[in-house]
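The chain contents come next:
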Amino acid sequence: MASSSIASSRRVDQSTWTPEQNKKFERALAVYDKDTPDRWQNVARAVGGGKSPDDVKRHYDRLVEDLIFIESAQFPLPNYKNTGTNCIGILADAPRLMKNLKL
């Protein structure tokens with residue numbers, strides 16, 4: 001029983017990503033593309049912090065799901081206070097920017 005609770009707590013710890021780990025993850029994805037042999041092992045090594053190849057693959061899958069969700073426009077827009085600036089141009093340009101994103 002104790003060993004299963006230790007294992008589950010390790011899984012929880014590995015699902016937490018620091019901003020620094022996310023940045024390393026993004027950089028590693030740029031270096032190790034989908035055609036790289038042992039991609040997830042290389043990405044995990046680049047991220048460090050005890051992340052396993054399964055951890056980084058799961059993180060990648062969640063990122064892709066988020067991007068698909070965002071691109072499908074199935075999310076509510078935040079209710080920002082009016083700051084006097086026009087963000088419509090940025091929002092209008094988002095689909096073009098997302099289209100050019102290579103994962």
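Parameters at a glance
- Residues numbered from 1 in each chain as written.
- Predicted model: local features only at pLDDT ≥ 70, side-chain atom pairs only at ≥ 80, totals over all residues.
- Heavy atoms only, no water.
- Helix = DSSP H or I, 4+ residues; strand = E, 2+ residues; numbered from the N terminus.
- Buried < 20%, exposed > 50% of the residue type's maximum accessible area, 1.4 Å probe, protein only.
- Areas by Shrake-Rupley, 256 points an atom, 1.4 Å probe, with all protein chains shown as cover.
- pLDDT = per-residue confidence, 0-100.
- Contact = heavy atoms within 4.5 Å.
- Core = buried A, V, L, I, M, F, W, Y, C linked by side-chain atoms within 4.5 Å.
- Polar contact = N/O pair within 3.5 Å; in protein donor to acceptor, adjacent residues only side chain to side chain.
- Axes fitted to C-alpha atoms, helices over the stretch in contact; angles between N-to-C directions.
- Parallel < 35°, antiparallel > 145°, perpendicular 65-115°, else oblique.
- Nonpolar A, V, L, I, M, F, W, Y, C, P; charged D, E, K, R; others polar.

## Remarks on the overall build of the chain
- Scanning the chain for helices and strands turns up five helices and zero strands.
- Secondary structure of the chain in N-to-C order comes out as α-α-α-α-α.
- Burial analysis of the chain (103 residues in total) assigns 18% to the buried set.
- In the form shown here, the chain has an accessible surface area of approximately 8,200 Å², with 57% of it arising from carbon and sulfur atoms.

## Focus: the confidence of the model for the chain
- Mean pLDDT over the chain: 78, with 63% of residues reaching 70 or higher.
- Ignoring residues within four places in sequence, the model shows residues 1-13, a span with pLDDT below 50, making one contact including any to other chains.

## Overview of the nonpolar core
- Membership of the largest hydrophobic core is limited to 10 residues, which are Trp17, Phe25, Ala28, Leu29, Trp40, Val43, Ala44, Val47, Val56 and Tyr60.
- Sorting the residues of this core by element identifies helix H2 (19-31), helix H3 (39-47) and helix H4 (53-71) as the ones contributing at least two each.
- Broken down by element, this core gets its largest block of residues, four residues, from H3.
- Setting aside residues no more than four positions away along its own chain, Val56 makes contact with Trp17, Phe25, Trp40, Val43, Ala44, Val47 and Lys51.

## Here's the deal with the environment of Asp55
- Structurally, the position occupied by Asp55 is in helix H4.
- It is 7.7 Å that separates the C-alpha atoms of Asp55 and Ala44, two residues lying 11 residues apart in sequence.
- Here Ser52 takes part through its backbone nitrogen, which lies 2.9 Å from a polar atom of the side chain of Asp55.

## Focus: the packing of H2 against H4
- As a packed pair, H2 and H4 sit with axes 12 Å apart at the nearest point and diverge in direction by 85°. Judged by the inter-axis angle, H2 sits roughly perpendicular to H4. Contacts from Asn22, Phe25 and Leu29 of H2 reach H4 at Val56, His59, Tyr60 and Leu63.
- Residue composition of the contact of H2 with H4, by class: five nonpolar, two polar and no charged.

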